[in-house]
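Examination of the molecular architecture
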Amino acid sequence: MPEEKKKTEAEYATHAVQHNAPGLLLRLRQSLHTSVKEIRLRVWLTFALVSGLSIAAVAIPLPYVITSPGPTVDVVGMWSGKPVIDITGTHSDTHQPLTLDAPHTAEQATGELRLVTVSEMGGPGYSVNALTVLVKWLEGGNTIQRYSDVYGPQVTHEQIEQFGKAQMKSAQSTSSVAALEELGWSVPATVTVEGTVEGSGAQEVLHEKDILRTIITPDGVRHEVNSASVPFRLMRHVPAGSLVTLEVERGGVLTSVEVQTTASEGIDEGEGSKIGVYLSADVMMPVDIHIDLENITGPSAGMMFALGIIDRMTPGDITGGQKIAGTGTVSYDGQIGPIGGIQQKMRGAVRDGAMWFLAPQMNCSEVIGHIPEGLHVFSVSTLSEAKAAVEAIASGRTQQLPTCQAP
């Protein structure tokens, strides 16, 4: 009896399975079909989400400005098949044609004097997207700033371009005068008042288009203003609050005015002052100097232009075969001024093979802690110091050159 019962139960179970099998298979197929549909839906939703985010990352502009290391140029080399610095004329004393060092070429194993630049993304008239910002952030070595921290809302690309070109033109003029005077040349100029600084001692006594002829310093010494460098050089040694007498030509008549000088921004007390005027200089160059660089603007190449002119007009390679880069504005009297983007410029110098870098002393706070590996940085405040630094690098005597030190 037990065996028959077991047999009956077994037969019943088999019968039940056979009876329900079609339903079970149907439900299994339906379940699998539903799962496949859900998986497909999830895949398509994920794909759509990723695609949407990708499109947004590329298409939606963000209000940021990115500054990166830009190209560098050997100022004593060639650019687009022409010398960067072209000089023609005769010696002022012998009237013989100038003897110039030939510009460097890529095939020559010569030294270099490289100006450095920065490249900008996201300035007026342009935009950057989220993907670009992320990539530049991950790269490192780039500066990412909010647009409003760099530019005003009304600034246009055309305004920036025109201003940059005007600064480059000014840098070419000041560097030419500073270089020639550093080499001992006389560079005559007529210096004219173009306006006065509001609130300065000059505001009520000097007029636009006054021609500055003489400056009488507080010690009673008369200084003829026969060069663009004279007013700048003199005022660096006149303390703020001093009275200076200016002889100006106004409408063809010589007139004397007295001006109390004011402090110069960034200059320690007692180390110099300013008259409070905007000046222009009509420079009479004794030789023709033409600097040919397209698509590079701004004032920061002034020091390197001046060093390049000195190199071209000095027999032999003053670099001693070394690759030297640098940056800094230069005034008519050879003062080296601060610039922007120096950290990116140092990186660009290393990228293009420079081992030595000349930085404005006033930029030292931005240099400290950010010097790329393999680069030696020296601080300079005048063109004379920059020239001496190049000569020291060329001769291997760099131990005494000043560097940027933490306070």
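Residues numbered from 1 in each chain as written. Predicted model: local features only at pLDDT ≥ 70, side-chain atom pairs only at ≥ 80, totals over all residues. Heavy atoms only, no water.

**Some details on the nonpolar core**
Threshold: Put simply, a nonpolar core is a bunch of buried Ala, Val, Leu, Ile, Met, Phe, Trp, Tyr and Cys residues held in one set by side-chain atoms that sit within 4.5 Å of each other. Only protein chains enter the accessibility calculation, which uses a 1.4 Å probe. A residue is then buried if its area is under 20% of the maximum for its type, exposed if over 50%, and partly exposed in between. Put simply, DSSP marks the helices as runs of H or I at least four residues long and the strands as runs of E at least two long, and each gets a number from the N terminus on. When checking whether two residues touch, look at their non-hydrogen atoms; a contact exists if any pair is within 4.5 Å.
Core analysis: the biggest nonpolar cluster contains 49 residues, and Val75, Leu115, Leu307 and Leu358 have the highest contact counts within it. Within the residue set of this core, elements represented by two or more residues are strand E5 (85-88), strand E6 (112-121), helix H4 (157-182), strand E17 (288-291), helix H6 (302-313), strand E21 (356-360), strand E22 (376-380) and helix H9 (383-395). With eight residues, H6 is the largest single contributor of residues to this core. In this structure, Leu307 is in contact with Leu113, Ile318, Leu358, Leu383, Ala386, Lys387 and Val390, ignoring residues within four places of it in sequence. Core analysis: the second largest hydrophobic core is formed by 18 residues, Val191, Leu206, Val238 and Leu246 among them.

**A short note on a nonpolar patch on the surface**
Heads up, the rule is: Within the patch definition used here, like charges are joined within 9 Å and nonpolar side chains (Val, Leu, Ile, Met, Phe, Trp, Tyr) within 5 Å, considering only residues with over 30% relative accessible area and no salt bridge. Areas reported here follow the Shrake-Rupley algorithm with a probe of radius 1.4 Å; residue values treat only the protein chains shown as occluding. The salt bridge definition used is simple: a Lys or Arg side-chain nitrogen within 4 Å of an Asp or Glu carboxyl oxygen.
Together, Leu134, Trp137, Leu138 and Ile144 make up an exposed nonpolar region whose accessible area comes to about 440 Å². Per-element tally for the nonpolar patch: the top contributor is helix H2 (residues 130-139), with three residues. Relative accessible area serves as the criterion here: at 43%, Leu134 is assigned to the partly exposed category.

**Let's talk about the packing of aromatic side chains**
Formally: Between the rings of Phe, Tyr and Trp (Trp by its six-membered ring), a pair exists once the centres lie within 6.5 Å; its type follows the angle of the planes, with under 30 degrees stacked, over 60 edge-to-face, and the other angles tilted. The rule for a charge over a ring is simple: NZ of Lys or CZ of Arg within 6 Å of the ring centre, and within 35 degrees of the ring normal.
Applying the stated rule across the entire model yields two aromatic pairs. Here the aromatic rings of Phe232 and Tyr332 are separated by 6.3 Å at their centres, their planes lie at 40 degrees, and the arrangement is tilted. Remark: Tyr332 occurs in the loop between strand E19 (329-330) and strand E20 (336-337) and Phe232 occurs in helix H5 (residues 230-235); sequence separation between them is 100 residues. The class of Phe232 is partly exposed, set by a relative accessible area of 33%. For Tyr332, a relative accessible area of 14% translates into the label buried. Taking NZ or CZ as reference, Arg146 lies 5.7 Å from the ring centre of Tyr64, over its face.

**Topic: the pairing of strand E2 (residues 64-74)**
Threshold: Only when DSSP finds a minimum of two bridges between them are two strands counted as paired.
In terms of burial, E2 is largely enclosed, as eight of its 11 residues are buried. Relative to strand E8 (residues 143-146), E2 runs antiparallel, the two being bridged by four bridges. Pairing of Thr67 across the sheet is with Thr143, part of E8. Pairing of E2 with E6 involves seven bridges; the strand directions are antiparallel. Bridging from a neighbouring strand, Pro69 pairs with Val118 of E6.

**Some thoughts on the state of the cysteines**
Rule in force here: Criterion for a disulfide: a pair of cysteine sulfur atoms at a distance within 2.5 Å.
Counted by the stated rule, this structure contains one disulfide. Disulfide partner of Cys364: Cys404, at an S-S distance of 2.0 Å. The disulfide joining Cys364 to Cys404 has a torsion of about -65 degrees about its S-S bond and is therefore left-handed. With Cys364 in helix H8 (residues 364-367) and Cys404 in the segment after H9, this pair connects stretches of sequence that are 40 residues apart. Judged by its relative accessible area of 9%, Cys364 falls in the buried class.

**Considerations on the confidence of the model for the protein**
For the record, the criterion: A score from 0 to 100, pLDDT tells how confident the predictor is in each residue.
Per-residue confidence for the protein gives a mean pLDDT of 85; residues scoring 70 or more make up 83%. Per-element mean pLDDT across the protein ranges from 53 in helix H1 (residues 2-59) up to 98 in E21. Counted against residues more than four places away or in other chains, residues 1-18, with its pLDDT under 50, gives zero contacts.

**Brief notes about the sheet that holds E6**
Worth spelling out the cut-off: All axes here are fitted lines through C-alpha atoms, helices being fitted over the stretch that makes contact, and every angle between N-to-C directions spans 0 to 180 degrees.
Sheet architecture is open: six strands sit in the order E8-E2-E6-E18-E21-E22, paired in mixed fashion. Because the sheet does not close on itself, it has two edges, and the strands there are E8 and E22. Taken over all neighbouring pairs, the strand axes of this sheet differ in orientation by 30 degrees on average, direction set aside. In terms of strand pairing, strand E18 (residues 323-326) meets E21 through three bridges, oriented parallel. The residue bridging Ala325 from the neighbouring strand is Phe357, located in E21. Each of E2, E6 and E8 touches H2; the most contacted strand, E2, lies at about 55 degrees to it. In the packing of H6 onto the sheet, the strands contacted are E6, E18, E21 and E22, and the crossing angle to E6 comes to about 155 degrees.

**Quick notes on the environment of Thr319**
Let me state the cut-off plainly: N or O atoms closer than or at 3.5 Å make up a polar contact, with two conditions inside protein: a donor-capable atom paired with an acceptor-capable one, and, for residues adjacent in sequence, both atoms drawn from side chains.
Looking at the element boundaries, Thr319 is found in the loop between H6 and E18. Owing to a relative accessible area of 0%, Thr319 belongs among the buried residues under this scheme. Distance in space between the C-alpha atoms of Thr319 and Ala389 is 9.7 Å, their sequence separation being 70 residues. Those residues within four positions of Thr319 in sequence are excluded, and the remaining contacts are Gly111, Glu112, Leu113, Asp311, Ile324, Val390 and Ala394. For Thr319, the side chain forms a polar contact with the side chain of Asp317, separated by 2.7 Å.

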